[in-house]
Amino acid sequence: MAFYEYNLFGFIIFNSSLAYFDHRRSRNANRFRADDNEAARASVMAGKAALWEFKKKFIPVYLLAFGADWLQIRIRSSKHSNQKGLSEETVAQLFTIGFTSAAVTASFVGSLADRYGRKTACLFFCIAYAMSCFTILFDSITLLVAGRVLGGLSTTLMYSAFESWMVTEFHRRHLEEAGSLNDIFGIMTTLNGVVAILAGIFAQELSDLLRTQAAPFMASAVLLLLAFAFVSKGWNENYGDSARNGGASVTLLDDPGKQKKVVNGFSYVLAGNHVDKRLWALCLASSCFEGSMYLWIFFKFPALKLSHEEAGLGEELPFGIIFAALMCAMMLGSLFFTYYSSLKSKQGTMSASKLLMATLFVASGCFVVPVLIHNEAVTFWCFCVFEICCGIYFPSIAHLKEKAIEDGVRAKIYGILRIPLNVFVVLGLMLTKDGLRHRENVFIICSGALASAAAAMGGFTAEY
């Protein structure tokens, strides 16, 4: 289908151009800052060198961890159903177990990471996720269930411990003068899109070469062992307040003139103070957006296939090309965020929370249009726009969480904020049925949830 190839080529050209202009902007900004005098130039260069060393320690490990996840994600369901002879219902139940495990473990793994160290938590993630990969070699349903439990636990750690370590270490090294966390958040999302494309191609080629769909899981375990080695050798340890308190509690300062009081992680989120109202808004936004995203991943190819069949086209859809185009769309969103966040001091630019609110509204529309218009091109473009929203959403939400959450409780709160997200996905999977009507109902529900989250962010816009 030339249509999809043309779209992929267009995204590649557009992304390359935007990346080039962003690179030029960054280079010119550095030159402007260093032109004052020799002392200023030396200070800037030292700060940039320290920031570059920090990026070299974190970003490769981050990409190894998420690359290990991408190697599995495109092959997991077909592996279960094709080679193990499991029914689609059993496969869905295994997925549900994974998300249930993620929801349950999110209530405590962040606290443990804060108490015993975020580096230690990342090392444990590598071991647990590698063990999950090895369970795929067995036909025992008990071991497969154990693998999904470990997978759910690992997913919670992947989305909480790594970012918590990075943000806290960034602050501890006082790198704010050398660069912005927004740049790192944007780079993380952009390179994650590149890794997703490469991992998808490599997983398929490796499966075809070795004639087993277990091969990508073993490759994933290798990446996790590499990540383990890099973390253990190159990372410093950092802790949360609970390590200093000797328990699972955290410190919370309601007023600068008052003494700190000790509360648990849930009280930190549920308290009625000004800061935690922001956490409620972020919790709703992340639950609705990421929950809708996971359900969309489950339904996107069936929706495109239906539109393709209704058009009377007989050839198979090029799912690999479509996946690559969608990932390029996500990269476009993250590149836009990196560029846009560099303009924050200029007039006419939106705050991060307003940008997130606008992203949620646009994403809401991406679910409604395919329900109203059964056209393959329209559906695909809506999905591309949604992926652009994903590229903007992830660095935006990371920036807002970085501002709203203290370093001492970062992993704990990051974990707790994922509980409603996983509950949202579990309920969606439990109610999943075949058929156009059900899929359209799910899209409408996701659209409404995203619009509600955007409206909730409206009360948040004046504060960020």
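Above this note sits the structure.
As a starting point, this report considers the structure included with it. (Residues numbered from 1 in each chain as written. Predicted model: local features only at pLDDT ≥ 70, side-chain atom pairs only at ≥ 80, totals over all residues. Heavy atoms only, no water.)

## A few points about the packing of helix H14 (residues 319-341) against helix H16 (residues 376-404)
A pair of packed helices is characterised by two quantities: the angle between their axes and the separation of those axes.
For step 1, the next point in the chain: Where H14 contacts H16, the two axes come as close as 7 Å, and the packing angle between them is 40°. Here H14 is positioned oblique relative to H16, judged by the angle of their axes. Read as a crossing pair, H14 and H16 show a hand that is right-handed. Of the residues in H16, those touching H14 at Ile-322, Ala-325, Leu-326, Met-327, Ala-329, Met-330, Leu-332, Gly-333, Ser-334, Phe-336 and Phe-337 are Phe-380, Phe-383, Cys-384, Glu-387, Ile-388, Cys-390, Gly-391, Ile-392, Pro-395 and Ser-396.
For step 2, the next point in the chain: The class makeup of the residues in the contact of H14 with H16 is 16 nonpolar, 4 polar and 1 charged. (Axes fitted to C-alpha atoms, helices over the stretch in contact; angles between N-to-C directions. Helix = DSSP H or I, 4+ residues; strand = E, 2+ residues; numbered from the N terminus. Parallel < 35°, antiparallel > 145°, perpendicular 65-115°, else oblique. Left-handed = near helix turned anticlockwise from the far one by under 90°. Contact = heavy atoms within 4.5 Å. Nonpolar A, V, L, I, M, F, W, Y, C, P; charged D, E, K, R; others polar.)

## Examining helix H6 (residues 118-134)
For step 1, the next point in the chain: Taking 1.5 Å of rise per residue, 17 residues should cover 24 Å, and H6 covers 25 Å from first to last C-alpha, within 8% of that figure.
For step 2, the next point in the chain: Of all 17 residues making up H6, 12 are buried, and the element is well covered by its neighbours. (Expected span 1.5 Å × (residues − 1). Buried < 20%, exposed > 50% of the residue type's maximum accessible area, 1.4 Å probe, protein only.)

## Structural notes on the pattern of salt bridges
For step 1, the next point in the chain: Within the structure shown, the criterion is met by 6 salt bridges.
For step 2, the next point in the chain: The salt bridge partner of Arg-118 is Asp-114, with a shortest N-O separation of 2.7 Å. (Salt bridge = Lys/Arg side-chain N within 4 Å of Asp/Glu carboxyl O.)

## Structural notes on the packing of helix H9 (residues 181-210) against H14
For step 1, the next point in the chain: Relative orientation of the contacting elements H9 and H14 amounts to 170°, with a least axis distance of 9 Å. Between H9 and H14, the crossing angle belongs to the class labelled roughly antiparallel. Residues Asn-182, Asp-183, Gly-186, Ile-187, Thr-189, Thr-190, Asn-192, Gly-193, Val-194, Ala-196 and Ile-197 of H9 form the contact with H14, whose participating residues are Phe-323, Ala-324, Met-327, Cys-328, Met-330, Met-331, Ser-334, Leu-335, Phe-337, Thr-338 and Ser-341.
For step 2, the next point in the chain: Considering only residue class, the contact of H9 with H14 consists of 12 nonpolar, 9 polar and 1 charged.

## Examining the nonpolar core
For soluble globular proteins, nonpolar side chains are generally found buried alongside one another.
For step 1, the next point in the chain: If you look at the biggest cluster of nonpolar residues, it comprises 125 residues, and the most contacted ones within it are Phe-58, Phe-125, Met-166, Phe-289, Leu-360 and Phe-386.
For step 2, the next point in the chain: Considering every element that reaches this core, the biggest residue donor is helix H13 (residues 274-310), with 14 residues. (Core = buried A, V, L, I, M, F, W, Y, C linked by side-chain atoms within 4.5 Å.)

## Points about unusual backbone geometry
For step 1, the next point in the chain: Within the chain, His-174 stands out as a residue other than glycine whose phi angle is a positive 55°.
For step 2, the next point in the chain: Looking at the element boundaries, His-174 is found in the loop between helix H8 (161-172) and H9.
For step 3, the next point in the chain: Here the phi dihedral of Arg-211 falls at roughly 55°; this positive angle occurs in a residue that is not glycine.
For step 4, the next point in the chain: Considering the arrangement of structural elements, one finds Arg-211 in the loop between H9 and helix H10 (215-234).

## Observations concerning the environment of Ala-221
For step 1, the next point in the chain: Among the secondary structure elements, Ala-221 is positioned in helix H10.
For step 2, the next point in the chain: By relative accessible area, which is 3% here, Ala-221 ends up buried.
For step 3, the next point in the chain: Counting along the chain gives 90 residues from Ala-221 to Met-131, while the straight-line C-alpha distance between them is 8.0 Å.
For step 4, the next point in the chain: Setting aside residues up to four positions removed in sequence, Ala-221 forms contacts with Ala-130, Cys-133 and Phe-134.

## Structural notes on the side chain of Arg-410
For step 1, the next point in the chain: Examined against the element boundaries, Arg-410 turns out to sit in helix H17 (residues 410-417).
For step 2, the next point in the chain: Residue Arg-410 is classed as buried on the basis of its relative accessible area of 1%.
For step 3, the next point in the chain: Residues within four places of Arg-410 in sequence aside, it is in contact with Asp-114, Arg-118, Ser-164, Val-167, Thr-168, His-171, Lys-401, Glu-402 and Ile-405.

## A closer look at empty space enclosed by the protein
For step 1, the next point in the chain: Under the counting rule described, the total for this entry stands at 2 cavities of 30 Å³ or more.
For step 2, the next point in the chain: The calculated volume of the largest cavity comes to roughly 100 Å³.
For step 3, the next point in the chain: Forming the walls of the largest cavity are Ala-303, Leu-306, Ser-307, Pro-370, Val-371, His-374, Thr-379, Leu-436, Arg-439, Glu-440 and Phe-443.
For step 4, the next point in the chain: The set of elements that each furnish at least two residues to the lining of the largest cavity consists of H13, helix H15 (352-372) and helix H19 (436-457).
For step 5, the next point in the chain: When residues in the lining of the largest cavity are grouped by element, the largest group, 4 residues, is from H19.
For step 6, the next point in the chain: Looking at the lining of the largest cavity, its residues break down into 6 nonpolar, 3 polar and 2 charged. (1 Å grid on protein atoms, 1.4 Å probe; cavity = no way out; pocket = protein on both sides within 12 Å on 5 of 7 lines; lining within 4 Å. Points joined across faces, edges and corners; volume = space filled by probe spheres on them.)

## Describing the packing of aromatic side chains
For step 1, the next point in the chain: Taken as a whole and assessed by the stated rule, the structure comprises 30 aromatic pairs.
For step 2, the next point in the chain: Centre to centre, the rings of Phe-58 and Tyr-62 are 5.7 Å apart; their planes meet at 35°, and the pair counts as tilted. Taken together, the positions of Phe-58 and Tyr-62, both in helix H2 (residues 38-73) and 4 residues apart, correspond to about one turn of that helix. Of the two residues, Phe-58 and Tyr-62, both sit in the buried class.
For step 3, the next point in the chain: Among the aromatic residues, those joined into a cluster by ring pairs are Phe-54, Phe-58, Tyr-62, Phe-66, Phe-125, Tyr-129, Tyr-159, Phe-162, Trp-165, Phe-170 and Trp-235.
For step 4, the next point in the chain: The side chain of Lys-300 reaches across the aromatic face of Phe-301, ending 5.2 Å from its centre.
For step 5, the next point in the chain: Directly above the ring of Tyr-414 sits Lys-401, whose terminal nitrogen or CZ lies 4.5 Å from the centroid. (Phe/Tyr/Trp six-rings, centres within 6.5 Å; stacked < 30°, edge-to-face > 60°. Lys NZ or Arg CZ within 6 Å of the ring centre and 35° of its normal.)

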